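A closer look at the structure
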Amino acid sequence: MVHLSDLDVKNKSIAIIKKTSRFTPEDSDEVREILLEVDRPDFKYQVGQSIGVLVKNNEFGNEYHHRLYSVADLPKTSGNKPQIKILVKRCTFVDEYSGEKYDGVASNYLCDRIAGDEIEITGPFGLPFAIPESNEADLLLISLGTGIAPFRAFIKYIYQNKKGWKGRVRLFYGARTGLELLYMNDKNDDLTQYYDKDTFEAFQALSPRPHWADPIALDYALEERAEEILKILAKPDTHVFVAGYEAIRKMLDKAFTKIYGSKEKWLLRKAELEAGKRWVEVVY
């Protein structure tokens, strides 16, 4: 487990916001896709990495607030300055002692920026989603909300750069409404370009009811495909990658307990996957 305080922030760069656009409806939580141009031709990014964003902040005696964001895409550019895309959800939190509501420092800062603004970034930093060496390995990718960001770049890289991928790639993505299925809706549907691949399938998990507070049915989406999931998890080279907010852990334990028939069987299998570094989570 890597903590933000352990990361080296000395390697800083200036990035210019080239474009910022909202992905979600006005009556729901705000998620924005932000296109950044890094003012350093030597800035090298690899699939699976993330960048840090530094925001000047004098609270708690710290000069800066530091937050990591997974890179969602690497657009091709005609110039010599690299560009990257990140997804940002405008966040708030409630202090558990005072009950007061506060805006998330980095997310609100980024969502308030406009094209032409400069921000300070760090990194890039590695993420644990390493592409398996074997192109026959099965991949089970599970995400909630902006957790889709690293998987978008991951899937794009596999099918554009890893020639002849033969392993099954199964993406399970949970959201509350259709438009919040980032990159998998009528407006932003670039993941559908991989639907013609024999090895790729994506499954959407929406809230079973239209109200915003209703739970996302990610566990049901997994349980409906229990037979195939059991076969995938039985393979010795299968990798499971999980990304999203903290609630995803309970959802997955509930779903996989049902799929395996008991909590004990599931926890044993999960421990085996973790020991082999084939179960990896990035949660926030």
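What comes next concerns the included structure. (Residues numbered from 1 in each chain as written. Predicted model: local features only at pLDDT ≥ 70, side-chain atom pairs only at ≥ 80, totals over all residues. Heavy atoms only, no water.)

Now for the side chain of Asp 138. Inspection of the secondary structure assignment puts Asp 138 in the loop between β8 (118–126) and β9 (139–144). You can call Asp 138 buried: its relative accessible area is 2%. A polar contact is formed between the side chain of Asp 138 and the backbone nitrogen of Arg 168, at a distance of 2.7 Å. Of note is the side chain of Asp 138, whose polar atom sits 3.4 Å from the side chain of Lys 235. Not counting the four nearest positions on each side in its chain, Asp 138 is found in contact with Gly 167, Arg 168, Ile 232, Lys 235, Asp 237, Thr 238 and His 239. (Helix = DSSP H or I, 4+ residues; strand = E, 2+ residues; numbered from the N terminus. Buried < 20%, exposed > 50% of the residue type's maximum accessible area, 1.4 Å probe, protein only. Polar contact = N/O pair within 3.5 Å; in protein donor to acceptor, adjacent residues only side chain to side chain. Contact = heavy atoms within 4.5 Å.)

With that settled, consider the packing of helix α5 (residues 248–260) against helix α6 (residues 263–275). Contact pair α5 / α6: the axes reach a minimum separation of 7 Å and the direction vectors enclose 110°. In terms of orientation, α5 and α6 fall into the roughly perpendicular class. When α5 is examined against α6, the residues Asp 253, Phe 256, Thr 257 and Tyr 260 are found in contact with a partner set consisting of Lys 263, Lys 265, Trp 266, Arg 269 and Lys 270. (Axes fitted to C-alpha atoms, helices over the stretch in contact; angles between N-to-C directions. Parallel < 35°, antiparallel > 145°, perpendicular 65-115°, else oblique.)

For the rest of this paragraph, the subject is α5. End to end, α5 covers 18 Å across 13 residues, agreeing with the expected 18 Å (1.5 Å per residue, within 8%). Within α5, burial applies to Ile 248, Met 251, Leu 252, Ala 255, Phe 256, Ile 259 and Tyr 260. Each buried residue of α5 lies within a common arc of 145° when the element is viewed along its axis, so the set occupies one face. Relative to its buried face, α5 has exposed residues pointing more than 90 degrees away, namely Lys 250 and Lys 258. On the buried face of α5, the contacting elements are β9, α3 (218–223), α4 (226–234), β12 (239–244), α6 and β13 (279–283). (Expected span 1.5 Å × (residues − 1). Arc of directions from axis to C-beta.)

Further remarks concern the sheet that holds strand β5 (residues 83–89). A barrel is described by the order of its strands in space; here 6 strands give the closed sequence β1-β2-β5-β4-β3-β8, paired in antiparallel fashion. Across the sheet, the axes of successive neighbouring strands diverge by a mean angle of 45°, strand direction being ignored. One ladder, built from 5 bridges, connects strand β3 (residues 49–56) with β8; its direction is antiparallel. Looking at the pairing, Ser 50 lines up with Phe 125 of β8. Against the sheet, helix α2 (residues 148–161) contacts β2 (31–38), β4 (64–73) and β5, and its axis sits at roughly 35° relative to β4. (Pairing = 2+ DSSP bridges.)

Next up on the list: the pattern of salt bridges. One pass over the structure, following the stated rule, counts 21 salt bridges. With a shortest N-O distance of 3.0 Å, Asp 112 and Arg 90 are connected by a salt bridge. Here the residue Asp 112 occupies a position in the loop between α1 (105–111) and β8, and Arg 90 occupies one in the loop between β5 and β6 (92–94), the gap between them amounting to 22 residues. Of the charged contacts, one joins Glu 224 and Arg 225 as a salt bridge, the two residues approaching to 3.4 Å between their closest N and O atoms. The exposure class of Glu 224 is exposed, given its relative accessible area of 62%. Linked by salt bridges that have partners in common, Asp 138, Arg 168, Arg 170, Glu 201, Glu 228, Lys 235 and Asp 237 make up one network. (Salt bridge = Lys/Arg side-chain N within 4 Å of Asp/Glu carboxyl O.)

What follows is about the environment of Leu 139. Turning to its location among the elements, Leu 139 is positioned in strand β9. Taking C-alpha positions, Leu 139 is 9.6 Å from Phe 200, a pair spaced 61 residues apart along the chain. Once residues within four sequence positions are removed from consideration, Leu 139 is found in contact with Pro 132, Phe 154, Ile 158, Trp 165, Arg 168, Val 169, Arg 170, His 239 and Phe 241.

This paragraph deals with the state of the cysteines. Following the criterion strictly, the structure yields 0 disulfides and no others. Here Cys 91 stays free of any disulfide, with the sulfur of Cys 111 as its closest cysteine sulfur at 8.0 Å. On the basis of relative accessible area, Cys 111 is assigned to the buried category, the value being 7%. (Disulfide = S-S within 2.5 Å.)

With 6 of its 6 residues buried, β12 lies for the most part within the structure. Residue alternation in β12 divides its side chains into two sets, His 239, Phe 241 and Ala 243 and Val 240, Val 242 and Gly 244, and both sets are buried. Bridge count for β9 against β12 is 5 bridges, and the pairing is parallel. Bridge pairing in β12 places Ile 142 opposite Val 242. Direction of pairing for β12 relative to β13: parallel, over a ladder of 5 bridges. In the strand pairing of β13, Val 240 is matched with Trp 279.

Our next topic: unusual backbone geometry. Look at the link from Gly 123 to Pro 124: it is a cis peptide, with omega at 10°. Relative to the elements of secondary structure, Pro 124 occurs in strand β8. With a phi angle near 55°, Lys 277 is a residue other than glycine that sits in the positive phi range. By the secondary structure assignment, Lys 277 is in the loop between α6 and β13. For Lys 277, a relative accessible area of 69% corresponds to the exposed category.

Geometric descriptors of this kind do not, in isolation, establish any biological role.
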